[in-house]
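Topology and contacts: notes
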Amino acid sequence: MEALELVCLCDDYDLKDIFGSAFEEHHPWIHLVNPDEVSVPSAIRHAFAFNPGPNAFLPYPNLRLISSAGAGIDALVRHLGVAPDVAISRVKLEEQAEMIAAFAMWHIIGWQRKLLDYPAQQKRKEWKPINRTTPSNFPVGILGYGHMGATLGRRLYDLNYPVTAYASKARNDDGINIVSGTEGLLQIANNSRAVVNLLPLTDATTGILSSEFFSVMRDDAMVINLGRGGHLVEADLVSALEKGHPASAALDTFATEPLPEEHPFWSCDKILITPHVAGDAEQTSVAQFVARGIAQFENGKQPDGIVDRNRGY
């Protein structure tokens, strides 16, 4: 491939610092540059972005493809500075889907077996089995049944967990019941012992984890948000936990990141917080995926991770 400059656009992280060595070693035809290193902005056709600022794209009138540095692309699809004819690609890696599935399963199995309760017993030198609930008696709901949701669903199904998923179209996927619409969503909330959110963030899914959803959850259920912070109405969750529906929550994404020190989530003992680490992909794999997508685009083909901007994912 002919050498090209890939401008890094991110307000939160230094993408060139994080991914530069991976591109340099394995894809030397791609030169990562920060905005202040671009000599001819009109020559830039490609951007490498994640949570870019409001004016990030303004200097590049001939931009043709934005490659997201992660799986989340809501900040790009909703960005007012991205022209309608600019293509957007998201990272879509098998290893990332497996990592997220494993992360969700750690929470699910931990909640099912009450594994986090044992350290307190250890301190008391207390020998007392807490819970022997079997997977077959522990229904799990998955919100979103794309690549990541389906990966998690299959892993849970293979371990004999009853799995119901929520998606835009109702169907059956080899034993996994997939429901849709408001009725299907509330069915998952009402029946599940653990609910995992893996939805893309769109206008239709913003605030989907709200008081309406929580009010019909079981008092022995856990909600696990691995989607985006915008899916969750934070005040509604605090209120719902106080009422006991659901019983607990595990949150990996937040409306504001890093989570502010004064945020009430920090002091809520019913919430387990992790700093957006569920699907951290290895830099070399991300660089390989992005480089392949750019090469496909430059050769007149559609990149593997191309986003349908009308659908928002």
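For the structure itself, consult the block above.
Residues numbered from 1 in each chain as written. Predicted model: local features only at pLDDT ≥ 70, side-chain atom pairs only at ≥ 80, totals over all residues. Heavy atoms only, no water.

1. Regarding the packing of helix α1 (residues 15–26) against helix α9 (residues 283–298)
Two packed helices can be described by the angle between their axes and the distance between those axes. Two numbers describe how α1 lies on α9: the axes approach to 9 Å, and their chain directions differ by 60 degrees. Of the two possible hands of crossing, α1 and α9 adopt the one that is right-handed. For the pair α1 and α9, the contacting residues are Ile 18, Phe 19, Ala 22, Phe 23 and His 26 in the first and Gln 283, Thr 284, Val 286, Ala 287, Val 290 and Ala 291 in the second. The class makeup of the residues in the contact of α1 with α9 is eight nonpolar, three polar and no charged. (Axes fitted to C-alpha atoms, helices over the stretch in contact; angles between N-to-C directions. Helix = DSSP H or I, 4+ residues; strand = E, 2+ residues; numbered from the N terminus. Left-handed = near helix turned anticlockwise from the far one by under 90°. Contact = heavy atoms within 4.5 Å. Nonpolar A, V, L, I, M, F, W, Y, C, P; charged D, E, K, R; others polar.)

2. Notes on a nonpolar patch on the surface
On the surface, Trp 106, Leu 116 and Leu 272 cluster together into a nonpolar patch covering about 330 Å² of accessible area. On the basis of relative accessibility, which here comes to 52%, the residue Trp 106 falls in the exposed class. (Patch = residues over 30% accessible without salt bridge, like charges linked within 9 Å, V, L, I, M, F, W, Y side chains within 5 Å. Areas by Shrake-Rupley, 256 points an atom, 1.4 Å probe, with all protein chains shown as cover. Salt bridge = Lys/Arg side-chain N within 4 Å of Asp/Glu carboxyl O. Buried < 20%, exposed > 50% of the residue type's maximum accessible area, 1.4 Å probe, protein only.)

3. Overview of the side chain of His 27
Take His 27: it is sitting in the loop between α1 and β2 (30–33). Contacts of His 27, omitting those with residues within four sequence positions, involve Ala 22, Ala 287, Gln 288 and Ala 291.

4. Some points on the nonpolar core
The biggest cluster of nonpolar side chains holds 32 residues, and the ones touching the most others in it are Ile 108, Ile 142, Leu 152, Leu 156, Val 196, Leu 198 and Leu 226. Counting residues per element, the ones that place at least two in this core are α3 (94–113), β6 (140–143), α5 (147–158), β7 (163–166), β9 (176–179), β10 (194–197) and β11 (222–225). When residues in this core are grouped by element, the largest group, eight residues, is from α3. Excluding anything up to four places from it in sequence, Val 196 contacts Ala 104, Ile 108, Gly 141, Ile 142, Leu 143, Leu 152, Ile 224 and Leu 226. (Core = buried A, V, L, I, M, F, W, Y, C linked by side-chain atoms within 4.5 Å.)

5. A word on the environment of Glu 94
By secondary structure assignment, the location of Glu 94 is in helix α3. The sequence separation of Glu 94 and Asp 173 amounts to 79 residues, and the corresponding C-alpha distance is 19 Å. When sequence neighbours within four positions are dropped, the list of residues in contact with Glu 94 reads His 147 and Thr 151.

6. What to know about the sheet that holds strand β3 (residues 46–49)
Spatial ordering of the open sheet is given by β2-β1-β3-β4-β5, a layout of five strands whose pairing is parallel. At either margin of the open sheet sits one strand with a lone partner, and together these are β2 and β5 (87–89). Strand-to-strand, the axes of this sheet are offset by a mean angle of 25 degrees, without reference to chain direction. Its contacts with the sheet place α1 against β1 (4–9), β2 and β3, and it is angled at close to 165 degrees to β2. Contacting β1, β2, β3, β4 (65–68) and β5, α9 crosses the sheet at an angle of about 165 degrees to β4. (Pairing = 2+ DSSP bridges.)

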